[in-house]
Amino acid sequence: RAGRGRSADFLEYYRASFAEGLRRDFYVWRHGSQKQFTPDHYALGYLTLGGVRAFYDAPDLTRSYYRRIAEKGFGAFFNLQHTVSEATGMKFRESFNAVCDSLSLIYEAEAALRAPFLRGRRVSPSSRLYSEFRGNAPAPEGIYSVRAGLSSPREIVLLDPSGERIVKKAGLMGSGGSRLEYDSERKRLYWSELRSDIRYELRSYSDIRYLDSLGRKVTLVRGGRYYHPKPFRGKVVAVSYPFEGGSRVVEFDPEGKKLAFWQAPDSLQIVEAARTEQGVFASGITASGYGIWRVDEGFRRVLEPQPVKIKQLSVRGGKLLFVCDRTGVNELYSLDPASRELKQLTSLEQGGSDFNFSPSGDSLYFSALRSDGRALYAVDADSLRSEPADWNSIHSYFIADKLSAGESLRPDYESQVQLSEPKAYSKALNLLKVHSWLPFYLEYDEIAILSSESLMNSLGLGA
């Protein structure tokens, strides 16, 4: 009932591109471009192979792929293309185009069922190359956002109140940074940021940082694993994933001193937390999906888990706001913790993210994806929907449902798989590694390089 194929984020760029009539050759999608944004190969592989399996009733496509390798060995050139052609009866390019056309028709029909839509006005400056504005945090002096693109790394920028031009660049943000959260009481801009260990590449930290009223970057909490800080009445709540395992909600004072923490039960992994006047709430994942809990009352359920994604939890007027892909695209929802009344506030053609109200409350800012980037938009707060949402009504993903139907035979993992006892990792015994005959070994991730997400590359002597 879950998985990447049932997440609105996974194929969202293809959905937005198809809606604009944008078509590209398979190899252009696969190998990318210096001028056009291209999703990673995981999304393309799912669209191609999942699409062929779903639209051409070929549940044994993977078996056919490996059968050709077994039969031809090193002679199995262009195996993917031949396997797809064998399943569809068409050339590979024609098969891929047909899958895209079929999926486009499904997206078009789904959009018609979600209409009518809110029409936002674009308020971020355009760029010649693909760029994104995310993590938006309106403040009295303007709108803070995280801008990134093909020609620029992730950086915090301040747009003027109209959003039409960038008036200040507040500095770069490292990889894995959370969305921005503005504290109007102390005039601070909070976020969390990943930091890699200098020596051990599998160890990383997540610090809580903020930008003060003078524009200085300050680290509030260093050396832990704290994510998604949310300010409230001068205090800050965040989610922690301790090295020993589990998850917890932690509260800090304005100086970074830990005031309290709440350990989540083993069956729940906390994702984000937020405090209201009534108490502390958190979104999290269980075996049944995402839900929302009242943390300071023993993790009492407020919103039952469902196989959907909940993200970007926030608070406004005593109500919880969050983004959810229940309808197949990301929309903004409002939840009254007391009455448990759930409302869908937005209806956008391609969905949105990073919703945040202006300080006056008369406008709602959000990021929306188009083929040329993820721009910042605004709508009048008076135009928002206020309809009750049926939490049990969940979007059906055509390809994912078809793939699930073809996976009727599942192994009995409990009886067939034997797990060994865990052993402590020895740093002393792993100081030296024989990894190749080359004189040097360079860790090189092409995707990370293209996306400017790589903090460092390690170069080691070969053996």
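Higher on the page you've got the structure.
Residues numbered from 1 in each chain as written. Predicted model: local features only at pLDDT ≥ 70, side-chain atom pairs only at ≥ 80, totals over all residues. Heavy atoms only, no water.

Considerations on the overall build of the protein chain
Counting its secondary structure elements, the protein chain contains 9 helices and 27 strands. Against the compact-globule benchmark of 23 Å for 463 residues, the protein chain has a radius of gyration of 24 Å, which places it among compact chains. Along the first, second and third principal axes, the C-alpha atoms of the protein chain reach 70 × 60 × 50 Å. Burial analysis of the protein chain (463 residues in total) assigns 49% to the buried set. On the protein chain, roughly 24,700 Å² of surface is accessible, and the fraction owed to carbon and sulfur atoms is 52%. Taken together, the 63 basic and 57 acidic charged side chains of the protein chain have centroids lying 3 Å from each other. (Helix = DSSP H or I, 4+ residues; strand = E, 2+ residues; numbered from the N terminus. Rg over C-alpha atoms; globule rule 2.2 N^0.38 Å. Buried < 20%, exposed > 50% of the residue type's maximum accessible area, 1.4 Å probe, protein only. Areas by Shrake-Rupley, 256 points an atom, 1.4 Å probe, with all protein chains shown as cover. Lys, Arg positive; Asp, Glu negative; His and termini not counted. Charge placed at Lys NZ, Arg CZ, Asp CG, Glu CD.)

A short note on the environment of Leu259
When you line up the elements, Leu259 lands in strand β13 (residues 258–263). Separated by 23 residues in the primary sequence, Leu259 and Val236 place their C-alpha atoms 9.7 Å from one another. Setting aside residues up to four positions removed in sequence, Leu259 forms contacts with Lys235, Glu251, Phe252 and Asp253. (Contact = heavy atoms within 4.5 Å.)

Side note on the packing of aromatic side chains
In this structure the tally under the stated criterion is 22 aromatic pairs. Centroid distance Tyr14 to Phe18: 6.2 Å. Interplanar angle 55°. Geometry classified as tilted. Highlighted residues: Tyr14 and Phe18, both in helix α1 (residues 12–19), separated by 4 residues, approximately one helical turn. Residue Tyr14 shares its accessibility class with Phe18, and that shared class is buried. Summarising the aromatic geometry, the rings of Tyr226 and Phe252 are spaced 5.2 Å apart at their centres and angled 85° between planes, so their arrangement reads as edge-to-face. Note that Tyr226 is positioned in strand β10 (residues 226–232) and Phe252 in strand β12 (residues 248–252), a separation of 26 residues in sequence. A residue is classified by how much of its surface remains accessible, and Tyr226, at 12% relative accessible area, is buried. (Phe/Tyr/Trp six-rings, centres within 6.5 Å; stacked < 30°, edge-to-face > 60°.)

What to know about the sheet that holds strand β7 (residues 188–196)
Backbone-to-backbone hydrogen bonds pair the strands of a sheet. The strands run either parallel or antiparallel. Pairing is antiparallel across the open sheet formed by 4 strands, whose spatial order is β6-β7-β8-β9. Edge positions in the sheet fall to β6 (181–183) and β9 (217–221), since each of these pairs with one other strand and no more. On average, each strand axis in the sheet is inclined to that of its neighbour by 40°, with strand direction left out of account. Here 8 bridges tie β7 to strand β8 (residues 204–211), and the two strands are oriented antiparallel to one another. In the sheet register, Ser196 faces β8, and the bridge partner there is Ser204. (Pairing = 2+ DSSP bridges. Axes fitted to C-alpha atoms, helices over the stretch in contact; angles between N-to-C directions.)

Things to note about a nonpolar patch on the surface
Taken together, Tyr413, Val417 and Leu419 make up a surface patch of nonpolar side chains, about 360 Å² in accessible area. You can see Val417 is positioned in the loop between α8 (413–416) and β26 (440–442). For Val417, a relative accessible area of 42% corresponds to the partly exposed category. (Patch = residues over 30% accessible without salt bridge, like charges linked within 9 Å, V, L, I, M, F, W, Y side chains within 5 Å. Salt bridge = Lys/Arg side-chain N within 4 Å of Asp/Glu carboxyl O.)

Quick look at unusual backbone geometry
A cis amide bond links Ala115 to the next residue, Pro116, at an omega of 5°. Structurally, Pro116 is set in the loop between α6 (92–114) and β1 (121–122). Backbone geometry at Phe78 places phi at a positive 50°, although glycine is not the residue there. Within the secondary structure layout, Phe78 lies in the loop between α4 (61–72) and α5 (79–88). Phe78 gets classed as exposed once you look at its relative accessible area, which sits at 59%. Positive phi, normally seen in glycine, also occurs at Arg340, with a value near 65°. Mapped onto the fold, Arg340 is located in the loop between β20 (331–335) and β21 (342–344).

Focus: the pairing of strand β22 (residues 353–357)
Among the 5 residues in β22, 5 count as buried, and that is most of the element. Pairing between β22 and strand β23 (residues 363–370): 3 bridges, direction antiparallel. From the neighbouring strand, Ser353 faces β23, where its bridge partner is Ser367.

Section: the nonpolar core
Counting 29 residues, the largest nonpolar core has Leu11, Tyr14, Phe18, Tyr46, Leu47 and Phe96 as the members making the most contacts within it. At the level of elements, α1, α2 (26–31), α3 (41–55), α6 and α7 (398–405) are the ones that each hand at least two residues to this core. Those residues in contact with Leu11 that sit more than four places away from it in its chain are Ala43, Tyr46, Leu47 and Tyr107. Core analysis: the next-biggest nonpolar cluster, separate from the first, contains 18 residues, Ala274, Val302, Leu320 and Cys324 among them. (Core = buried A, V, L, I, M, F, W, Y, C linked by side-chain atoms within 4.5 Å.)

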